Every structure is written in C-alpha cells, then in structure tokens.
Amino acid sequence: MKQVVIIGGGASGLVAAIMAARNGACVTVLERMQRAGKKLLATGNGRCNLANRRLDATYYHGARAEFVEGIFAQFGLDATLAFFDSLGVSVEEEDAGKLFPSSRQASSVLDVLRYEMTQLCVTEVCDVIVHAIQSQRGRLLCVCGDGRTFEADRVLVCTGGKSSPNLGSNGGGYKLAQALGHTIVEPFPALVQVRLLAPYLNLIAGVGIEGKAEVWVDGTLEGTATGELLFAKYGISGTAILQLSRAISEHTLKGRRTELRLDLFPAQSFDALAALLEQRIAKDARKPIDFSFVGLVHKRLIPVLLLVARVQNLQRPCGDLSRDEIVRIASAMKAWAILCFGTQSWMFSQVTAGGVDVREVDPATLESKRAPGVHFAGEVLDIDGDSGGYNLQWAWASGAVAGVHAAMLD
Ligand SMILES: Cc1cc2nc3c(=O)[nH]c(=O)nc-3n(C[C@H](O)[C@H](O)[C@H](O)COP(=O)(O)OP(=O)(O)OC[C@H]3O[C@@H](n4cnc5c(N)ncnc54)[C@H](O)[C@@H]3O)c2cc1C
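Residues numbered from 1 in each chain as written. Predicted model: local features only at pLDDT ≥ 70, side-chain atom pairs only at ≥ 80, totals over all residues. Heavy atoms only, no water.

Regarding helix α9 (residues 270–283)
Condition: Each helix corresponds to a stretch of at least 4 residues labelled H or I by DSSP, and each strand to a stretch of at least 2 residues labelled E; elements are numbered beginning at the N terminus. In this analysis, the expected span of each helix is defined as 1.5 Å times one less than the number of residues it contains. Only protein chains enter the area calculation, which uses a 1.4 Å probe; residues under 20% of their type maximum are buried, those over 50% are exposed, and those in between are partly exposed. In this context, the arc is that of the directions from the helix axis out to the C-beta atoms. By the convention used here, residues are in contact when the closest approach between their heavy atoms is within 4.5 Å.
The end-to-end C-alpha distance of α9, which contains 14 residues, comes to 20 Å, matching closely the 20 Å that a straight helix rising 1.5 Å per residue would cover. For α9, every residue scored as buried is listed here: Leu273, Ala274, Leu277 and Ile281. Down the axis of α9, the sector holding all buried residues measures 100°, keeping them to one side. Turned more than 90 degrees from where α9 packs its buried face, Asp271, Gln279, Ala282 and Lys283 sit exposed. Summarising the contacts, the buried residues of α9 are in contact with α11 (323–334).

Regarding the layout of surface pockets
Put simply, the test is: In this analysis a 1.4 Å probe is tested at points of a 1 Å grid over the protein atoms alone, and where it fits but cannot get out there is a cavity; an open set with protein on both sides within 12 Å along at least five of seven lines is a pocket; lining residues have an atom within 4 Å of a point. Grid points are joined across faces, edges and corners, and a volume is the space filled by probe spheres set on the points. Three classes are used, and their members are as follows: Ala, Val, Leu, Ile, Met, Phe, Trp, Tyr, Cys and Pro are nonpolar, Asp, Glu, Lys and Arg are charged, and the others, Gly among them, are polar. For every domain, the bounds stem from an assignment made automatically or drawn from a database.
Approximately 250 Å³ is the volume found for the second largest pocket. Contributing to the lining of the second largest pocket are 18 residues, with His61, Gln243, Leu244, Arg246 and Ala247 lying nearest its centre. If you list the elements that add at least two residues to the lining of the second largest pocket, you get β15 (220–231), α8 (239–253) and β21 (384–385). The leading source of residues in the lining of the second largest pocket is α8, at seven residues. Per-class residue counts for the lining of the second largest pocket are seven nonpolar, six polar and five charged. Built from parts of two domains, the lining of the second largest pocket gets at least three residues from each of domain 1 (3–186 + 348–408) and domain 2 (193–343).

A short note on the domain arrangement of the protein
The condition that has to hold: Note: buried area is the sum, over both parts, of the accessible area (probe 1.4 Å) each one loses when the two are combined. When a carboxyl oxygen of Asp or Glu is within 4 Å of a side-chain nitrogen of Lys or Arg, the pair counts as a salt bridge.
Taken as a whole, the protein is organised into domain 1 (3–186 + 348–408) and domain 2 (193–343). Here the C-alpha centroids of domain 1 and domain 2 sit 40 Å apart. Carbon and sulfur atoms make up 42% of the area that domain 1 and domain 2 hide from each other, which totals about 460 Å². Three residues stand out in domain 1 for area buried against domain 2, namely His61, Phe348 and Ser387, and they jointly supply 56% of the buried area on that side. Here domain 1 and domain 2 share one salt bridge between them.

Digging into the pairing of strand β6 (residues 98–101)
Put simply, the test is: Strands pair, by our definition, only if DSSP identifies at least two bridges between them.
Taken together, the two bridges between strand β3 (residues 51–52) and β6 define a ladder with antiparallel strand orientation. Looking at the pairing, Asn52 lines up with Lys98 of β6. Pairing of strand β5 (residues 91–93) with β6, which is carried by three bridges, proceeds in the antiparallel orientation. Note on β6: the bridge partner recorded for Val91 is Pro101. Between β5 and β6, which pair antiparallel and follow one another directly, the connecting turn spans four residues, one of which, Ala96, has a positive phi of 55°.

A word on the site of the ligand
Inclusion rule: Nearness of a residue to a molecule or strand requires only that one of the residue's heavy atoms be within 4 Å of it. Two N or O atoms count as a polar contact when they lie within 3.5 Å, although within protein this holds only if one can serve as hydrogen donor and the other as acceptor, and sequence-adjacent residues are included solely when both atoms are side-chain atoms. Working definition of accessibility: Shrake-Rupley area with a 1.4 Å probe, residue cover restricted to the visible protein chains.
The ligand sits among 32 residues. The nearest are Ser12, Glu31, Lys39, Glu379 and Leu392. Take Gly168: an N or O atom from its main chain is 3.3 Å from an oxygen atom of the ligand. The fraction of the free accessible surface of the ligand (1000 Å²) that becomes covered by protein chains is 94%. Of all the secondary structure elements, the ones that give two or more residues to the shell around the ligand are α1 (11–22), α2 (38–42) and α12 (390–408). No other element matches the four residues that α12 contributes to the shell around the ligand. Residue composition of the shell around the ligand, grouped by class: 12 nonpolar, 16 polar and four charged.

Some words on the environment of Pro187
Here Pro187 shows up in strand β12 (residues 184–190). On the basis of relative accessible area, Pro187 is assigned to the buried category, the value being 14%. Each C-alpha atom of the pair Pro187 and Gly399 lies 20 Å from the other, and the pair is 212 residues apart in sequence. Every residue in contact with Pro187, bar those within four places of it in the chain, is listed here: Lys162, Tyr174, Trp346, Thr352, Ala353 and Gly354.

Below, the structure written as structure tokens:
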C-alpha cells in the first residue's frame, strides 16, 4: 500500500489526507501544533468563508498566478461543493458570492474533515515538527525535531505560509523546500491592517465608516476598493483596506511612496459635494465651523478633516468660510490623502504573499521538479487570493489535487 506522509494539518493538508486515503493510500498527517486545523477554526471570524461563487484566476496573485487554472480545472468550485456535501456540509451564499457552511461554524467544517479522516484510518500525529525531508533507498524520510522519523513513498508539504504563526504556520515549510533546492519568492504579509503616518490617528481610533479607498504608488493609481474603513491608533483596517493591503505591503517594503486616498462620499461628484457643503452653510451661517458638519460626517472625523483642509479658527461662524476653504474641505472629504507606513506584522496577517516558486512545481500534479515524490499544496506555494473565501478555496483545491496524485502516481 502506498505510504503518504502529509506535513501540516491545516486546510490543504486535511483535504489532501482525505483525497489520498480515498484513493487507496495509507496516510499519516504530521502537525506541529497540539491539534490539527487551528487556523481553520479562526477563519471568517469563526464562521469559515470556505469558498466564493465567483471563481477565476483574476482573484489570485503571485509571480505566476495563472498557475491556479490547472488546479481549478481538476478541482473547481463544483468539486469543492460536492466534496463538502459528501461530508454533510451544506453551504449558503452571502454578499459578493461568499460561501459559508449553513451552520456558520468553522468548527463544524473541521469536525467533519476529522471525522472523515478517522473513517479512512488516516493517522494524525500532533506536536511534531518536521525539520527535513531526506531521500533514503528510493523512499522519503521525514525527520522530526524530536528525533522521530516517518518513511513514505510520497510526501506532501502543506505547511502554510508565515501568517498568524500563533495558529501554526511559521514559515518552516520554506526551509524544507529550500533544503530540497527550491526557490522561495520573498514572502510578505497580505490581507493585513495598514499602518499610516499621520499625527491625528489617536483622535479617530475606533471610528468606522463606509467609503472608497485608493492606493497610489509614486503617483500612479494601483488599486481601488469600496467598503468598511476602520481607523485605529496604528492606522486603518476594514474590508476595503484588507483588499488593498497586498499592494500596500509589497510597495512599502520596496520603499516606494505609497499613499491611501479616502473618499467619504463615493456616490457624489466633487462638485455635488462642494455644492452640498455650501447649502448646509447657507442654511445656518451662524453655526461654528466644526459644528456645521455634524450630521454629515462622523463627529470625531470633523476636526481631523478640517485640519487636513487647513481650516483654522473653528469657532468662527461657518458663514465666514471662504470659497477656497469650502473647496479644501470637499477635497479632504473626497480625496483624503494619508501616507502608508507599511502593514501590521505577520501575527495579524491572514495570508502570505510569496512562497515556493511555482515554476519549480508540476502544474498538473503539484509534484516538485526538484525533489521527485514531494508535492506542495496550499499557501506554502507562491499563490495568494483576495479576501472572500479565495484562500481556503485554493487550499482545498490544491490539497485535493496533490492528495489524489500522491496516491495514484507510481
Ligand atoms: C484569522 C484568519 C482568518 C481567515 N479567514 C479566512 C476565510 O474566512 N476564508 C478564506 O478563504 N481564508 C481565510 N484565511 C486564510 C486561510 O485560513 C489560509 O489561506 C489557509 O488556512 C491556508 O491553508 P494551508 O493548509 O496552506 O495552511 P495552514 O492552514 O496555515 O496550515 C498549515 C499547517 O502546517 C503546520 N505546520 C507548519 N510547519 C510544520 C512543520 N514543519 N511540521 C509539522 N507541521 C507544520 C501548521 O501548524 C499548520 O497547522 C484566514 C486566515 C486567518 C489567519
């Protein structure tokens, strides 16, 4: 019977284990944490956004993101849904095509995966860190930190990236891959909060609004997202920012001037907003300037927006505002520019950009071109997806494909 050892009991490793075992292999999963699937439990705020109805390569990134196409051709959305259906998980769709288990419980997804593994007699060994993969007499040997060794015909590296190391993935998989002769595309945090360079962040920490955000790098527009903008002492987060964080992370690490421009009124043109401000002022010209915008924008943002617009003496009646000052206030509300200072650390990032160079991996079987018999799946590869279920979809699909081929190939 074919012996398959899977390093890493995360999303990709668990599906790989099931698919390899369903295809006749004798499977062992080696997991460095006390239990498998810790990160899975944290996904989607504990609700597990497990896939997205809108699936294609444009939602993925990496030096060669089109690599995902070969994998999704073998295990696409329908296969993912059929797989989970076979385990008893039905899914429901929320906004923007996001798919969740009907239970809205990540723990239920982990439970059914582990139940299926038990049914298939997959062995799970926890608290074990694989330090090296060696070749020995035509077989592979996983050498662990505590001296234990596990022999296999095929080994799957499903070790994840460097994001949220408290949940298990600490970049150890890159060392395993490098030792086998693989190139690692420099990893950086993605889907992560952004640090901003601005003196007023303490004043607005905790304020959340809906709006549009743009990323400008050296004066060129690099990305746009609409949704929640959530200010914090360190900078900003929220759904719109997470979508843009990959570009911000990449460019700030390269030392490029990276700026966020926030539009608090995306539905209105600049001229319409300036006219609205003038109407409000005309309605009660005696109101102090800082009070005249209460009811239009979040109260705590007003003094900051007026600071950004370089408006002084805020106790003046708003009727005193010059046309130029009103234009500057409208500009602050429509294109509030803030310099980015990088991102929060690996501990806070949801996904890792970069990883094992996919040119060194067979696009059909995910087998290493450097180390025969070794396969890679999941986030350890240089593939990362947008927020919205795309990263788990990649983990399931690549895990399934690697698992099937590991069991089937001689
Ligand atoms: C807070 C949070 C929320 C998220 N929410 C979502 C979401 O809702 N939807 C979505 O699509 N994506 C989400 N993601 C991203 C998604 O969870 C990951 O992309 C996905 O889990 C990657 O799967 P993986 O199997 O490649 O790696 P992981 O799930 O990270 O698993 C890797 C496993 O390998 C183990 N390991 C590592 N090195 C070794 C070693 N040397 N020896 C033994 N074991 C080892 C680790 O302990 C870990 O258990 C979220 C991520 C985080 C952090």
